[in-house]
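Coordinates in review
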Amino acid sequence: MRIIFCFPILLTAVRPLHANCEGEKDLGLTFPEVFPDPDPIHAIKVGINEVFAEEIFDDAEPLVIKNAAATKWHAMKRWTREYIVEKVGELDVHASEKPMIRMHSAVHPIGQLPGIHWTRPWNNATVLTSEFFSLTEAYGSCPLESKDCEIQPESTAKAQEIEGEEPKKYYYFFSKLSDIPSLANDVGDIHQLIARFRPTMEVNLWMGSRGIGTPLHYDVAHNMYVQVSGKKRFRMFSPEAHSNVYLFPRVHPASRMSQVDMNHIRKDVFPLFTGEKPLEVTLTKGDILYIPPYWFHSTEVIETHSISVSVCSESSQVDLREKIFLDSKLEFETDLSFGARIRALAAYIRYFFREEDRKETHRSLLKAKGFVSVLSRRFEKLSYDCEVKGLTEVAEIARKRFDRVARSLDKSPTDLERRIIDHAEKRANYLLAKYEYSKGTAKSYTKVEWEIELGNHIEDIVTMVLESPMMVLPMLQYVAMS
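For the structure given in this document, a descriptive report is provided here. The structure displayed is predicted, hence computed values, not measured ones.

What counts and what doesn't
- Each chain carries its own residue numbering, running from 1 in the written order of its sequence.
- For this predicted model, a pLDDT threshold of at least 70 governs which residues receive local features, and a threshold of 80 or more governs which side-chain atom pairs are given and counted, while totals over whole chains, interfaces and linings are taken from all residues.
- Side-chain calculation: all heavy atoms of the structure are included, whereas hydrogens and water are not.
- Buriedness of a pocket was judged along seven lines, with at least five required to meet protein on both sides within 12 Å; pockets are open sets of points on a 1 Å grid over the protein atoms alone, cavities are sets where a 1.4 Å probe fits but cannot get out, and lining residues have an atom within 4 Å of a point.
- Grid points are joined across faces, edges and corners, and a volume is the space filled by probe spheres set on the points.
- Gly falls in the polar group here, along with every residue not listed as nonpolar (Ala, Val, Leu, Ile, Met, Phe, Trp, Tyr, Cys, Pro) or charged (Asp, Glu, Lys, Arg).
- Here a strand is any run of E in DSSP of at least two residues, a helix any run of H or I of at least four, and the numbering for each starts at the N terminus.
- To define a nonpolar core, start from buried Ala, Val, Leu, Ile, Met, Phe, Trp, Tyr and Cys residues and group those joined through side-chain atoms within 4.5 Å.
- Each residue gets one of three labels from its accessible area relative to the maximum for its type: buried under 20%, exposed over 50%, partly exposed in between, using a 1.4 Å probe on protein chains only.
- Residues are treated as being in contact if the distance between any of their heavy atoms lies within 4.5 Å.
- At least two bridges found by DSSP between two strands are what make those strands a pair.

Before going further, it helps to spend a moment on the layout of surface pockets. Of the voids in this model, the second largest pocket is the one considered here, and its volume is about 1,200 Å³. Forming the walls of the second largest pocket are 47 residues, and the residues nearest its centre are His217, Tyr218, Asp219, Ser255 and Arg256. Considering only residue class, the lining of the second largest pocket consists of 23 nonpolar, 14 polar and 10 charged.

Enumeration over the complete set of coordinates arrives at 2 cavities of 30 Å³ or more. Reported here for the largest cavity is a volume of approximately 50 Å³. Considering the residues around the largest cavity, the lining is formed by Met100, Arg233, Phe234, Arg235, Met262, Asn263, Ser298, Thr299 and Glu300. Mapped by element, the contributors of at least two residues to the lining of the largest cavity are strand S12 (232-237) and strand S15 (296-301). Here the lining of the largest cavity is built from residues that sort into 3 nonpolar, 3 polar and 3 charged.

Further remarks concern the nonpolar core. The nonpolar side chains of a soluble globular protein tend to be buried, and buried together. Core analysis: the biggest nonpolar cluster contains 78 residues, and Phe273, Trp450, Leu466 and Met475 have the highest contact counts within it. Of all the elements, helix H10 (residues 338-351) adds the most residues to this core, at 9 residues. With near-sequence residues (within four places) excluded, methionine 475 lies in contact with Ile342, Leu345, Ala346, Phe402, Val462 and Leu466. Membership of the second largest hydrophobic core comes to 44 residues, among which are Met76, Ile84, Ile194 and Met207.

All right, on to the sheet that holds strand S13 (residues 279-283) then. Pairing is mixed across the open sheet formed by 5 strands, whose spatial order is S2-S13-S12-S15-S10. The open sheet has two free edges, formed respectively by strand S2 (39-40) and strand S10 (213-217), since each of these has just one partner strand. Pairing analysis gives 6 bridges linking S12 to S15, with the strands arranged antiparallel. The residue of S15 that forms the bridge with arginine 235 is serine 298.

Dropping the structure here:
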C-alpha cells in the first residue's frame, strides 16, 4: 500500500509562552513612534471614461486614483446612516473589545487541535443596523492619536445604553455586496476597476466603527478599494519586506498576517520590522486605492465610521499557484522510517537552492540556510501570541521526538534512503521545472513572490510527510545545521 503526502495544511512549533501578555503591551511603541515619516502613496487623477486598470495591474505598484467613475455611484450620495438603516435592518458583525481584529480561520488544523485554547477577543454577533451606527457615533471623531480621546458628552448616554458597564466595543462588518441587494444597486459600473480577461473574484462591502482596523497582511488578488464614506488609513509595505514582517506560518489560522501588533510594536521582539520603510495614505470619499498582490497592508478607521467597497480581480499569481504547487506530492511506503523521511525532506528542500556547477556547493548551502532562516521567523516568535495557549507543550513533545530520531541518523544513508532521496530530488526538480518554464511566459512570479509561495509549500510538505505540523520548525533547523 502506498500513501500520498500532498501539500494541504498545517501547523506550528513555538517557544515557551510569555506569562504576562497584557503587561507586555506597555513595552510596545505606536506606529508613529516607530515610523514618524512614512512615504506617501502616489496619486493620479483619471477621466470618468478612462481605461486604466490593466496598465495599473501590470505596474503592480500601490496607487491612489481620484476622479474615477466610482465618484458618480449613487452610493456616494445615498449611503448615509439613515439610508442604510432603512435598507438593511440587521448586520452580522465582528464585535470586538480590541480595535485590531485578527481573522481566525478555524479550518486550519491548528485552530482545531486538542489541547490548544484560543482567547479570540472578538465574536460574531447580529445587531440592528441602527445600533451599529449609534455605537460608531458614540465614539466621536477626535484624533485617534490623542490619549485623552473620550466618548463625546452628547453621545455618552447612547454609548452606555449599548455598552452598559462592559468594555468599549468595536463593530466590523464585511459581506459580499451581492448578498445585500438593497445596497448593491447603488454601486454603478465597475468596469473601470477591472481588466480585460481577468475574472472578477468578488465585490465586497466593508463598514467599521472609529478606531477599528485589520492587522498587516497580504492578499493575492488585484484589489481596487473604493472609499464611499468616512476616512480610512492604510499603511503598506512592499513584498520585499516579507522576510522582516514576521508572518504567521501558512499553517496558522492567521495565515498571511504579520505577527507584529501595529498598535504596540515590540522592537525588542521584532527588530527587523523596524528597519522597513512604510507607505501611508488616508482615503477620503471617492478615493480609490489600488492594492497589488503580495503588498502588505493594514487598515484603521479614523472617523466615526467608514464605508468602503473593494473590487477584487484574479491575478496571474492565483493561477500560477494552482499550476505549480497543487499537484506537487511525495510518495512513500507507509512503513518508511521517520529518519528516512527526514533525510528525504532535507534533500527536497536543499534541491531548490542547488547550483549547476558542483564547485558552487558552498554557495548553494548558504542560499538554503538563508531561505530556511527567513522561513523559520514565521515560527520563532509565536510564543508572543497572546491569543493562544497550549502550543508550547505540544511543540515540545514533537521537538523531542524529532531530535531523538535526528541524532540517531548515521552519516551515510542506506541504499533504501538513497533511493528515497533520489525520488525526493526528482519531485523537487519537477516543481522547479514548472517554475522555470513560467518565467518564460507572460505569467510568472517575481523572485519575492516565489520565495513566499515556496515557503508556504515547504511548510505543507513537511507537515504531511512527517505527519505533524509541529515538526516544521525542527525540520527547518535541521536543514540549517546539517
